[in-house]
2 protein chains.
Amino acid sequence: MYNFEHTIQSLNWNLKPINLYRPIEYTLESGGKRLRPMLVNIASKMFGGYDQETIDKAGLAIEVFHNFTLLHDDLMDNSPSRRNKQTVHIKWNANTAILSGDAMLIKAYEFLQQIPQRYWSNAIPLFTQTAIEVCEGQQYDMDFEKDDNVSIDQYFEMIRLKTAVLLACSLKMGAIVADATVENQKTIYDIGIALGIAFQLKDDYLDTFGSFETLGKRIGDDILCYKKTFLLISALKEADDKTRQKIQYIVRAKDISDKDKISFVTNIFRELKIDELCEKEIDKYYTKATQLLDDLSVEEHKKEVLQALIKKLKVRDK
Amino acid sequence: MYNFEHTIQSLNWNLKPINLYRPIEYTLESGGKRLRPMLVNIASKMFGGYDQETIDKAGLAIEVFHNFTLLHDDLMDNSPSRRNKQTVHIKWNANTAILSGDAMLIKAYEFLQQIPQRYWSNAIPLFTQTAIEVCEGQQYDMDFEKDDNVSIDQYFEMIRLKTAVLLACSLKMGAIVADATVENQKTIYDIGIALGIAFQLKDDYLDTFGSFETLGKRIGDDILCYKKTFLLISALKEADDKTRQKIQYIVRAKDISDKDKISFVTNIFRELKIDELCEKEIDKYYTKATQLLDDLSVEEHKKEVLQALIKKLKVRDK
């Protein structure tokens, strides 16, 4: 079992100025799934790369970048908590969240620079390209909150950028530091895209159908923000005119409590069987990831760890 | 004359999503002195490096980074205008300023990656180290606003981080892409530090003693924020107890207009001759930069352009 938690917890953030570094430490010690470093590690070993220090540094770069995006996203969405802890802009303030986030983004590059220089020409441009795409995805996500005509295609492009490319980058980064062939780097990237889309669909699903205790965050935030998730876009498409107008009225009404808004919209999702539709879609992308993994030219037994992870992600409830 | 303006204005920001890229274009087209790319260019040519495309890419990386810091700093300081134009968080909103700034930081790395790979091992870590130091400087600057016991030494360390290291990085970057010796890279970096400290002292000076028309920004912001500038720290040190308490009372008083606060504190600075003290300090650091330039092992006539720039910066009023 890969012990990335030890690697990230042993970083020294006891640096000055403390108001810059303490929020970074706070953010990184909050745990989370550490999915991205896990993907770097799995991919590297699948392709015969066992240099643990290099794998750890690449994983740190991506995990610190990922946590930077959460920190700034939580500020922009004004989310009060994540992983059962106050978000940085609540515990400190908005300026701290901005500047500590900026420093994390730079620190991510610093970790990436610690991998051997022969990998830089592949690894650094991949990282930069991915990082800019994640920003684009976040911008689309915010744009969509004010747009009533978001199509399913636009939604999928948004989650490809916002979520999938970073999982794909993680897998490809592992392949790069294992000197995998260009062909295999490409296929593993595509596996990451399919996995990432399935992962974000599941995230959307859990934001409405998950539980606070398990997830460690408020349920129904997406509904209150009128976020254009797979659930909402599909519901608006499937609903008759009356129900559609009702949804649009309710989520914007000022005289209805948040709790009632969430339960009303969730019930409509259930009536229209949008939960089942979403589960089917999630299955579709996990299946695609599995099929691509079958195509990869690597000995079969080396694929088992990634195959097992795909299965585990499919049934996750947090 | 180096035409960097043409280089930066010919970038294509007509990309999607427009809400991410349009604020970047707006920020970069606002002009400014373009001092940092100018330093890259001057240093490179001083050491015999004439690859203009490489110089331009390195200059773009640093200038885009610098404008990212201004964008986020203006948001954190809630400054309404810069260079006679509304700041991004006013023209758009805070979230746009956060996310477009993040994208600019990543784009800066993208430009840096466009220099030949043989320079990466020097250039990228220099850039990353500098970027993190700039964040540290900004954090100290914000911390100092709430700290009544900032010493002159702490102030100088803050402006070294916040301003000087980026000018030093610009000069050293020019030296790197000109294949200058390690010794010369070090000296030119130190010239940048001296230049940068002089530059920031002058900035502080102009924030109080400059003019709105020439600077394109409100005069006296530093006084209103109770910013621990060279002027304020020196005044608090030089003043008698009564005057010191008066300054501290006035800037925090809720029943005194901003205009009166600014004129009151400015008058005290003049009475205590803090303006002259500051001008002397500025001179000292420009002289240090000039002396270091004398030491540089480069043919004398090649030093003339940088020498001329140092003189020009010394007498600037914007």
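Above this text sits the structure in question.
Note that this is a predicted model, so its numbers are computed, not measured. Positions within a chain are numbered from 1, following the residues in the order the chain's sequence is written. Whichever chain is written first becomes A and whichever ligand is written first becomes 1, with later ones labelled in order. Totals for whole chains, interfaces and linings use all residues, but because this is a predicted model, local features are given only for residues with pLDDT of at least 70 and pairs of side-chain atoms are given and counted only at 80 or more. Water and hydrogen atoms were dropped before computing side-chain values, which therefore reflect all heavy atoms in the structure.

### Some remarks on the overall build of chain A
What chain A contains, in helices and strands, is 16 helices and two strands. Residue burial is assigned from relative accessible area. The probe radius is 1.4 Å, only protein chains are included, and a residue is buried under 20% of its type maximum, exposed over 50%, and partly exposed in between. Burial analysis of chain A (318 residues in total) assigns 59% to the buried set. The long-range fraction of contacts in chain A, counting pairs at least 24 apart against all pairs at least 6 apart in sequence, stands at 73%. For chain A, the exposed surface amounts to about 13,500 Å²; the carbon and sulfur share of it is 48%. Charge assignment in this entry is limited to Lys and Arg as positive and Asp and Glu as negative, and neither His nor the chain termini are counted. Where a charge lies is defined by one atom per residue type, namely NZ (Lys), CZ (Arg), CG (Asp) and CD (Glu). The average position of the 43 basic charges and that of the 48 acidic charges among the side chains of chain A differ by 3 Å. For the purposes of this entry, the term helix denotes a DSSP run of H or I that reaches at least four residues, the term strand denotes a run of E that reaches at least two, and both are numbered from the N terminus. What makes two residues a contact is simply this: any of their non-hydrogen atoms within 4.5 Å. Note that accessible areas follow from Shrake-Rupley with a 1.4 Å probe, and for residues the cover is restricted to the protein chains shown.

### Observations regarding the relation of the copies chain A and chain B
For this overlay, a least-squares fit was computed on C-alpha atoms, restricted to residues scoring pLDDT of at least 70 in both copies. When chain A is brought onto chain B, the operation consists of a screw motion whose angular component is 180° and whose axial shift is 0.0 Å, with 0.0 Å RMSD remaining. Viewed as a symmetry operation, the transformation between the two copies matches a two-fold axis. The overlap is high: 100% of the interface residues of chain A also sit at the interface in chain B, so the same surface is used on both sides.

### Some remarks on the environment of B:Asp51
Looking at the secondary structure, you find B:Asp51 in the loop between helix H3 (35-46) and helix H4 (52-77). Along the chain, B:Asp51 and B:Val177 lie 126 residues apart, while their C-alpha atoms are 8.2 Å from each other.

### Let's talk about the interface of chain A and chain B
If you look at the interface, chain A gives 36 residues, while chain B gives 36 residues. The salt bridge definition used is simple: a Lys or Arg side-chain nitrogen within 4 Å of an Asp or Glu carboxyl oxygen. Between chain A and chain B we count zero salt bridges in total. Any pair of N or O atoms that falls within 3.5 Å is considered a polar contact. Within protein, one atom must be able to donate a hydrogen and the other to accept it, and sequence-neighbouring residues count only if both atoms are side-chain atoms. Scanning the region where chain A abuts chain B turns up 10 residue pairs in polar contact (both at pLDDT 80 or more). Elements with a contribution of two residues or more to the side of chain A that touches chain B: helix H2 (18-28), helix H4 (52-77), helix H6 (94-112) and helix H7 (120-145) of chain A. Looking at side-chain class alone, the side of chain A that touches chain B contains 20 nonpolar, 10 polar and six charged residues. Note on residue classes: Ala, Val, Leu, Ile, Met, Phe, Trp, Tyr, Cys and Pro are nonpolar, Asp, Glu, Lys and Arg are charged, and everything else, Gly too, is polar.

### Observations concerning the packing of helix H12 (residues 230-238) of chain B against helix H13 (residues 241-252) of chain B
Residue and element names in this part refer to chain B. In the contact formed by H12 and H13, the axes pass within 8 Å of each other and the chain directions differ by 140°. Of the possible angle classes, the one that applies to H12 and H13 is oblique. In contact with Leu-232, Ala-235, Leu-236 and Lys-237 of H12, H13 contributes Arg-244, Ile-247 and Gln-248. Note on definitions: angles span 0 to 180 degrees between N-to-C directions of axes, and those axes are lines fitted to C-alpha atoms, for helices only across the stretch in contact. Comment on the angle field: the value is read as roughly parallel under 35 degrees, roughly antiparallel over 145, roughly perpendicular from 65 to 115, and oblique elsewhere.

### Description of the environment of B:Met1
Note on placement: B:Met1 falls in the segment before helix H1 (4-9). Classification of B:Met1 as exposed rests on a relative accessible area of 94%.

### Overview of the pattern of salt bridges
Residue and element names in this part refer to chain A. Counted according to the given criterion, the structure contains 40 salt bridges over all chains. Here Glu-300 ties to Lys-303 by a salt bridge, and the two come within 3.0 Å at their closest N and O atoms. One connected set of salt bridges, linked through shared partners, spans Asp-77, Asp-141, Glu-145, Lys-162 and Lys-227.

### A closer look at the packing of helix H13 (residues 241-252) of chain A against helix H14 (residues 258-271) of chain A
Residues and elements named next belong to chain A. Orientation of H13 relative to H14, taken along the N-to-C sense of each, is 160°, at an axis distance of 10 Å. What the angle tells us is that H13 and H14 run roughly antiparallel. Crossing geometry of H13 relative to H14 is assigned as left-handed. Along the contact surface, H13 presents Thr-243, Lys-246, Ile-247, Ile-250, Val-251 and Arg-252, while H14 presents Lys-261, Phe-264, Val-265 and Ile-268. Looking at the contact of H13 with H14, its residues break down into six nonpolar, one polar and three charged. Handedness of each helix crossing follows the sense of rotation of the near helix against the far helix: counterclockwise by less than a right angle gives left-handed, clockwise gives right-handed.

### Digging into H3(B)
Residues and elements named next belong to chain B. Taking 1.5 Å of rise per residue, the 12 residues of H3 would be expected to cover 16 Å, and the 16 Å separating its terminal C-alpha atoms lies within 8% of that figure. Of all 12 residues making up H3, 11 are buried, and the element is well covered by its neighbours. Of the positions making up H3, those classed as buried are Leu-35, Arg-36, Pro-37, Met-38, Leu-39, Val-40, Asn-41, Ile-42, Ala-43, Ser-44 and Met-46. On its buried face, H3 sits against H1, H4, helix H8 (152-176), helix H9 (182-209), helix H15 (274-295) and helix H16 (304-314). Looking one or two places after H3, you find Gly-48, whose phi comes out positive at around 85°. Multiplying 1.5 Å by the residue count of a helix minus one yields the expected span of that helix.

### Examining the side chain of B:Gln113
Inspection of the secondary structure puts B:Gln113 in the loop between helix H6 (94-112) and helix H7 (120-145). Note on B:Gln113: relative accessible area 13%, which makes it buried. Separated by 2.4 Å, the side chains of B:Gln113 and A:Thr128 make a polar contact.

### Some details on unusual backbone geometry
Across residues other than glycine, the phi torsion is negative in most instances, and most of the peptide bonds are trans. That bond from A:Lys16 to A:Pro17 is cis: its omega, 0°, falls within 30 degrees of zero. Mapped onto the secondary structure, A:Pro17 falls in the loop between helix H1 (4-9) and H2. Backbone geometry at B:Arg83 places phi at a positive 50°, although glycine is not the residue there. Its identity is not glycine, yet B:Lys273 carries a phi of approximately 55°, on the positive side. Its place among the elements puts B:Lys273 in the loop between helix H14 (258-271) and H15. B:Lys273 gets classed as partly exposed once you look at its relative accessible area, which sits at 48%.

### Here we look at the packing of aromatic side chains
For this analysis, a ring pair means two rings from Phe, Tyr or Trp (six-membered ring only for Trp) whose centres lie within 6.5 Å, classed as stacked if their planes differ by under 30 degrees, edge-to-face if by over 60, and tilted for the remaining angles. Using the criterion set out here, one finds 25 aromatic pairs over all chains in the structure. Centre to centre, the rings of B:Phe65 and B:Phe68 are 5.5 Å apart; their planes meet at 55°, and the pair counts as tilted. On the criterion of helical spacing, the pair formed by B:Phe65 and B:Phe68 is a turn pair, its members being three residues apart in helix H4. Assigned by exposure class, B:Phe65 and B:Phe68 land together as buried. Note on B:Tyr140 and B:Phe144: the rings are 5.9 Å apart at their centroids and 40° apart in plane angle, and the pair reads as tilted. Taken together, the residues span about one helical turn, with B:Tyr140 and B:Phe144 both in helix H7 at a distance of four residues. Here B:Tyr140 and B:Phe144 have matching classes, each one buried. Put simply, the rings of A:Phe65, A:Phe68, A:Tyr109, A:Phe127, B:Phe65, B:Phe68, B:Tyr109 and B:Phe127 touch in pairs and so form one group of aromatic residues. When the NZ atom of lysine or the CZ atom of arginine is within 6 Å of a ring's centre and also within 35 degrees of its normal, the charge is said to sit over that ring. Note that A:Lys91 overlies the ring of A:Trp92, its terminal NZ or CZ placed 5.6 Å from the centroid.

### Thoughts on the state of the cysteines
All names here are of chain A. Cysteine sulfur pairs qualify as disulfides if the two atoms are within 2.5 Å. If you walk through the whole model with that rule in mind, you get zero disulfides over all chains. Summary of cysteine pairing: Cys-225 is not part of a disulfide, and the nearest cysteine sulfur, belonging to Cys-278, is at 18 Å. Given the relative accessible area of 31%, Cys-225 is considered partly exposed.

Remember, this is a structural readout, not a statement about activity or role.
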